[in-house]
Amino acid sequence: MAVSKLADRLLDLAGLLEDLVAQGYVSRPDANRVIGTPRTAEQAQMHPLTYIASCELENLKSPGRVLDGETLTQWLAEIASHRLYHIDPLKVNVAAITEVMSFQFAKRHQILCVEASKDSLLVATAQPFTHGWEEQLEHTSGRSVQRVVADPADIQRYCVEFYSLAKSISGASGLKGSSSSGNFEQLLELGSLKDPEANDQHIVNIVDWLLQHAFDQRASDIHIEPRREVGRIRFRIDGVLHPIHDLPDQVNAAVTSRLKILGRMNVAEKRKPQDGRIKTKRPDGREVELRLSTLPTAFGEKLVMRIFDPEVLARSYSDLGLGGDDLARWQTMLGRPNGIVLVTGPTGSGKTTTLYTGLKQLATSEVNVSTIEDPIEMVEESFNQTQVHHAIGLDFAAGIRTLMRQDPDIIMVGEIRDLETAQMAVQAALTGHLVISTLHTNDAPTAVTRLLDLGLPHYLLKSSVLGVMAQRLVRTLCPACKQPDSVSDDDWQALTKPWKAPKPEVVYRPEGCLECRNTGYRGRQGIYEILPFTESIQGLVTPDCDLQVLRRQAMREGMNSLRLSGARKVAAGITTVAEVLRVAPPPDIAF
């Protein structure tokens with residue numbers, strides 16, 4: 001569909017090129033070449049008009065000239081019936097226009113206020129076919145909004161420059177931005193009083209307390225989130241976020257700076273995301289690694305720390321919740337000398353922990369276990385671990401290619417994201433290596449269609465994949481306070497269909513006590529769905545694989561769905577029906 005016919009839609013590369021071809025600006029071969037050329041990560045983040053301008057395509061309406069940003073912006077203004085506006089930074093009242101909306105709001109909607117009067121706002125947009133922000137801005141500002149189209153590259157550049165300048169001026173003068181109540185977008189403070197020194201002893205003590213408190217509470221993640229006037233600290237415990245403490249905004253900024261220093265990050269850089277690592281030691285002498293990630297938000301830098309406890313590597317399969325027939329199937333797959341074993345599930349479903357636990361048990365002195373990860377989440381001395389480094393061309397596929405020359409027995413690939421990585425994993429498996437990796441799919445059978453969608457030939461998939469395990473994490477009931485309960489027939493059927501599993505007479509519900517901080521839950525365990533690639537399953541892997549047929553065959557051969565796995569934990573008094581229903585895919589996905 002042509003871009004000019006779209007309403008309330010973001011501009012896309014294919015649609016813009018289609019309109020340019022239709023209106024005689026670009027030749028069809030040039031448009032096909034641009035669409036067919038893979039884009040780098042940086043190029044993928046560009047506004048599509050900016051990317052087209054960077055391709056320097058010949059302007060068929062002006063022979064000998066290329067389609068530059070100015071020409072394309074003028075064309076966009078014409079098809080959108082908007083006035084074209086050239087941003088002149090010398091004529092922009094930075095203080096006035098940055099009070100109108102927050103930087104995050106402007107960035108999200110690719111807009112920038114360029115003129116502000118008492119009654120109206122002139123807003124330049126790079127997305128003339130989106131309108132959702134307009135009513136919101138009129139409501140929060142109390143002024144009418146007029147739209148114009150400006151060069152997307154100019155909007156992006158000046159948005160950063162204007163808001164950075166406003167923040168510097170406000171901070172230098174010790175004045176804060178508007179704090180009037182109203183919409184979130186109106187409440188961004190563009191500066192604050194000078195932050196305390198990041199190495200001040202009080203800040204050091206706060207950071208030490210923060211980390212120790214997180215360890216004591218079994219937190220997996222620490223969130224330090226700037227708000228309007230305070231910094232909010234939240235811990236993720238057993239998969240759920242809990243508010244912990246609010247810090248004054250100046251102290252919050254200093255705590256963030258302190259942690260960035262410890263993580264060897266650029267303290268001065270606050271406009272773009274950064275990553276870092278901290279290795280610390282508990283009072284009992286155990287080492288703990290933390291992975292840091294910063295993100296610019298409307299109120300400042302948000303910092304998230306993921307905690308990796310080395311004890312995770314020492315956990316047994318029973319600790320993970322894997323047992324019985326599922327454990328036997330899993331160990332059978334890992335016991336094969338070559339082939340691919342896949343673990344699937346969304347982010348935070350415990351895939352990495354499962355992989356590390358399996359590798360730890362496989363990594364004897366007789367085998368060479370090598371990994372390629374993004375990033376290395378837990379350092380283990382018995383593995384040879386390599387981290388992806390895209391800036392120098394070391395991606396998953398290149399990593400596998402190199403590892404195959406390192407005489408490995410077992411290769412762990414952090415994630416199969418593309419066809420090249422999948423092909424290299426298959427090549428490694430077919431040349432005598434055991435390859436273990438992850439995919440993002442809802443359940444085990446869907447991994448088959450996911451690999452086919454990536455472009456992997458079905459015959460290679462059949463000859464290399466040993467099996468797939470899907471998993472989720474469910475909170476486990478606090479043993480100190482769980483109470484007997486009953487389950488309805490409808491809820492039990494939702495967990496167990498299409499099987500007719502007998503309903504237990506007694507299940508348990510969460511009650512809440514000091515041991516579990518009144519949540520009723522303490523810890524998490526996995527629920528699993530394991531699909532071994534038997535001969536009958538391999539026979540169903542075809543270019544037009546019928547997922548439902550494959551799933552039914554897997555069930556006949558003993559595959560338990562995620563919900564049935566959860567139902568067995570409910571019957572054993574480990575978790576609740578509501579918890580399983582919360583995390584496991586519904587029947588129309590899982591069955």
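Since we're looking at a predicted model, the values are computed, not measured. Residue positions are given per chain, counting from 1 as you read along its sequence in written order. Local features in a predicted model are, by the rule used here, given only for residues with pLDDT of at least 70; side-chain atom pairs are given and counted only at 80 or more, and totals for whole chains, interfaces and linings are based on all residues. For side-chain calculations, the full set of non-hydrogen atoms in the structure is used, while hydrogens and water are omitted.

1. Regarding the overall build of the protein chain
Then step 1. The number of helices and strands found in the protein chain is 24 helices and 19 strands.
Then step 2. Burial here depends on accessible area, computed with a 1.4 Å probe over protein chains only, as a share of the maximum for the residue type. Under 20% is buried, over 50% is exposed, and the range in between is partly exposed. A total of 591 residues make up the protein chain; the buried ones form 50% of that total.
Then step 3. Here, two residues are considered to be in contact whenever any of their heavy atoms come within 4.5 Å of each other. Restricting to contacts in the protein chain with at least 6 residues of sequence separation, those with at least 24 account for 62%.
Then step 4. All accessibility values rest on the Shrake-Rupley procedure with a 1.4 Å probe; residue burial counts only the protein chains present in the view. When the accessible surface of the protein chain is split by element, carbon and sulfur atoms take 49% of a total near 27,800 Å². Each helix is a run of DSSP H or I of at least 4 residues and each strand a run of E of at least 2, with the numbering of both proceeding from the N terminus.

2. Concerning the UniProt feature "domain: Bacterial type II secretion system protein E" (unreviewed entry) in the protein chain
Then step 1. UniProt positions are given in the numbering used here, feature names are shortened, and annotations may be inferred rather than shown by experiment. Mapped onto this numbering, the UniProt entry annotates "domain: Bacterial type II secretion system protein E" (unreviewed entry) at residues 404-418.
Then step 2. Between the C-alpha atoms that bound residues 404-418 there is a distance of 19 Å. The span itself is 0% helix and 27% strand.

3. A closer look at the sheet that holds strand S11 (residues 339-344)
Then step 1. Strands qualify as paired when DSSP identifies two bridges or more between them. If you walk across this open sheet you meet the seven strands as S13-S12-S14-S15-S11-S16-S19, and the pairing is mixed. Edge positions in the open sheet fall to strand S13 (384-387) and strand S19 (521-532), since each of these has one partner strand only. For this sheet, the mean angle separating the axes of adjacent strands, direction not counted, is 20 degrees.
Then step 2. Here helix H16 (residues 419-430) sits on the sheet and contacts S11, strand S14 (410-413) and strand S15 (434-439); the angle it forms with S11, its principal contact strand, is near 135 degrees.
Then step 3. Lines fitted to the C-alpha atoms define the axes, with helices restricted to the stretch that makes contact. Angles between their N-to-C directions range from 0 to 180 degrees. Against the sheet, helix H17 (residues 446-454) makes contact with S11, S15 and strand S16 (465-477), and its axis sits at roughly 95 degrees relative to S15, the strand it touches most.

4. Side note on the pairing of strand S3 (residues 120-125)
Then step 1. Taken across its six residues, S3 has five buried, putting it largely inside the fold.
Then step 2. Note that strand S2 (residues 111-116) and S3 share five bridges and pair antiparallel. If you follow Ala 116 over to S3, its bridge partner there is Leu 121.
Then step 3. Taking the residues between adjacent antiparallel strands as the criterion, S2 and S3 are bridged by three residues.

5. Here we look at the packing of aromatic side chains
Then step 1. Only the six-membered ring of Trp is used, alongside the rings of Phe and Tyr, when aromatic pairs are assigned; centres must lie within 6.5 Å, and planes under 30 degrees apart are stacked while those over 60 apart are edge-to-face, with the rest tilted. Applying the stated criterion across every chain, the model contains two aromatic pairs.
Then step 2. On the numbers, 6.0 Å between centres and 20 degrees between planes, the contact of Tyr 356 with Phe 383 is stacked. Separated by 27 residues along the polypeptide, Tyr 356 in helix H14 (residues 351-362) and Phe 383 in the loop between strand S12 (369-373) and S13 bring together distant segments of the chain. We note that Tyr 356, like Phe 383, is buried.
Then step 3. The positively charged end of Arg 39 is found above the aromatic ring belonging to Tyr 51, 5.2 Å away from the centroid.
Then step 4. Whether a charge sits over a ring comes down to the Lys NZ or Arg CZ being within 6 Å of the ring centre and within 35 degrees of the ring normal. Lying over the aromatic face of Tyr 508, Lys 482 brings its terminal NZ or CZ to 4.8 Å of the ring centre.

6. Some details on the packing of helix H1 (residues 13-22) against helix H2 (residues 28-36)
Then step 1. Between H1 and H2, the shortest axis-to-axis distance is 10 Å and the interhelical angle comes to 175 degrees. Overall, the two elements H1 and H2 adopt an arrangement that is roughly antiparallel. The segment H1 lies against H2, with Leu 13, Ala 14, Leu 17, Glu 18 and Val 21 engaging Arg 28, Ala 31, Val 34 and Ile 35. Comment on the angle field: the value is read as roughly parallel under 35 degrees, roughly antiparallel over 145, roughly perpendicular from 65 to 115, and oblique elsewhere.

7. Considerations on the sheet that holds strand S5 (residues 221-226)
Paired through backbone hydrogen bonds, the strands of a sheet run either parallel or antiparallel to each other.
Then step 1. The strand order across the open sheet formed by six strands is S7-S6-S5-S10-S9-S8, and the pairing between neighbours is antiparallel. The sheet terminates laterally at strand S7 (240-248) and strand S8 (274-281), the two strands that pair on one side only. Each strand axis lies, on average, 20 degrees off the axis of its neighbour in the sheet, ignoring direction.
Then step 2. Running at roughly 115 degrees to S7, helix H11 (residues 249-262) makes contact with S5, strand S6 (230-237), S7, S8, strand S9 (287-297) and strand S10 (300-308) of the sheet.

8. Thoughts on the side chain of Glu 415
Then step 1. Looking at the secondary structure, you find Glu 415 in the loop between S14 and H16.
Then step 2. One polar contact links Glu 415 to Arg 417, side chain to side chain, over a distance of 3.2 Å.
Then step 3. One polar contact links Glu 415 to His 440, side chain to side chain, over a distance of 3.4 Å.
Then step 4. Discounting residues that sit within four places of it in the chain, Glu 415 has contacts with Phe 396, Thr 421, Ser 437, Thr 438 and His 440. Whenever a nitrogen or oxygen atom comes within 3.5 Å of another N or O atom, the pair is scored as a polar contact, on the condition that within protein one atom can donate a hydrogen and the other can accept it, and that pairs from neighbouring residues in sequence are kept only if both atoms are in side chains.

9. Focus: the confidence of the model for the protein chain
Then step 1. You can read pLDDT as the predictor saying how much it trusts each residue, on a scale of 0 to 100. The share of residues in the protein chain with pLDDT of 70 or more is 89%, and the mean pLDDT across the chain is 84.
Then step 2. Taken element by element, the protein chain is modelled with least confidence in helix H24 (residues 587-590), mean pLDDT 47, and with most confidence in S11, mean pLDDT 96.
Then step 3. Within the model, pLDDT remains below 50 along residues 1-6, and this stretch shows 14 contacts once partners closer than five positions in the same chain are excluded.
Then step 4. Predicted confidence is poor over residues 168-195, with pLDDT under 50, and the contacts of this stretch with residues over four places away or in other chains come to 60 contacts.

10. Focus on unusual backbone geometry
Then step 1. Phi is positive for Gln 110, which is not a glycine, with a value near 55 degrees.
Then step 2. With respect to the helices and strands, the residue Gln 110 is situated in the loop between helix H7 (103-109) and S2.
Then step 3. According to the relative accessible area criterion, Gln 110 is partly exposed, its value standing at 26%.
Then step 4. Residues other than glycine seldom take positive phi values, yet Arg 264 does so here, at roughly 55 degrees.

11. Brief notes about the nonpolar core
Then step 1. To qualify as a nonpolar core, a set must consist of buried Ala, Val, Leu, Ile, Met, Phe, Trp, Tyr and Cys residues joined through side-chain atoms within 4.5 Å. Residues Leu 451, Leu 461 and Phe 533 are the most contacted members of the largest nonpolar core, which totals 54 residues.
Then step 2. The element that contributes the greatest number of residues to this core is H16, accounting for six residues.
Then step 3. Residues contacting Phe 533, with those up to four places away along its chain left out, are Val 448, Leu 461, Val 465, Leu 466, Gly 467, Val 468, Gln 538 and Val 541.

12. Overview of the pattern of salt bridges
Note on pairing: side chains with opposite charge can pair once their charged atoms come close.
Then step 1. When a carboxyl oxygen of Asp or Glu lies within 4 Å of a side-chain nitrogen of Lys or Arg, that pair is called a salt bridge. Taken as a whole, this structure holds 21 salt bridges when the rule is applied.
Then step 2. In this structure, Glu 134 engages Arg 147 in a salt bridge whose closest nitrogen and oxygen atoms are separated by 3.2 Å. Residue Glu 134 is found in helix H8 (residues 132-141), and its partner Arg 147 is found in strand S4 (residues 144-149); the two are separated by 13 residues along the sequence. This pair shows no difference in class: Glu 134 is buried, exactly as Arg 147 is.

13. Concerning H1
Then step 1. For H1, the buried fraction is high: seven of the 10 residues fall into the buried class.
Then step 2. Within H1, burial applies to Leu 13, Gly 15, Leu 16, Leu 17, Asp 19, Leu 20 and Val 21.
Then step 3. Contacts from the buried residues of H1 go to H2, helix H4 (48-54) and helix H5 (69-80).
Then step 4. At the N-terminal boundary of H1, the capping side chain belongs to Asp 12, with an oxygen 3.3 Å from the backbone nitrogen of Ala 14.
Then step 5. Backbone geometry just after H1 places Gly 24 at a positive phi near 80 degrees.

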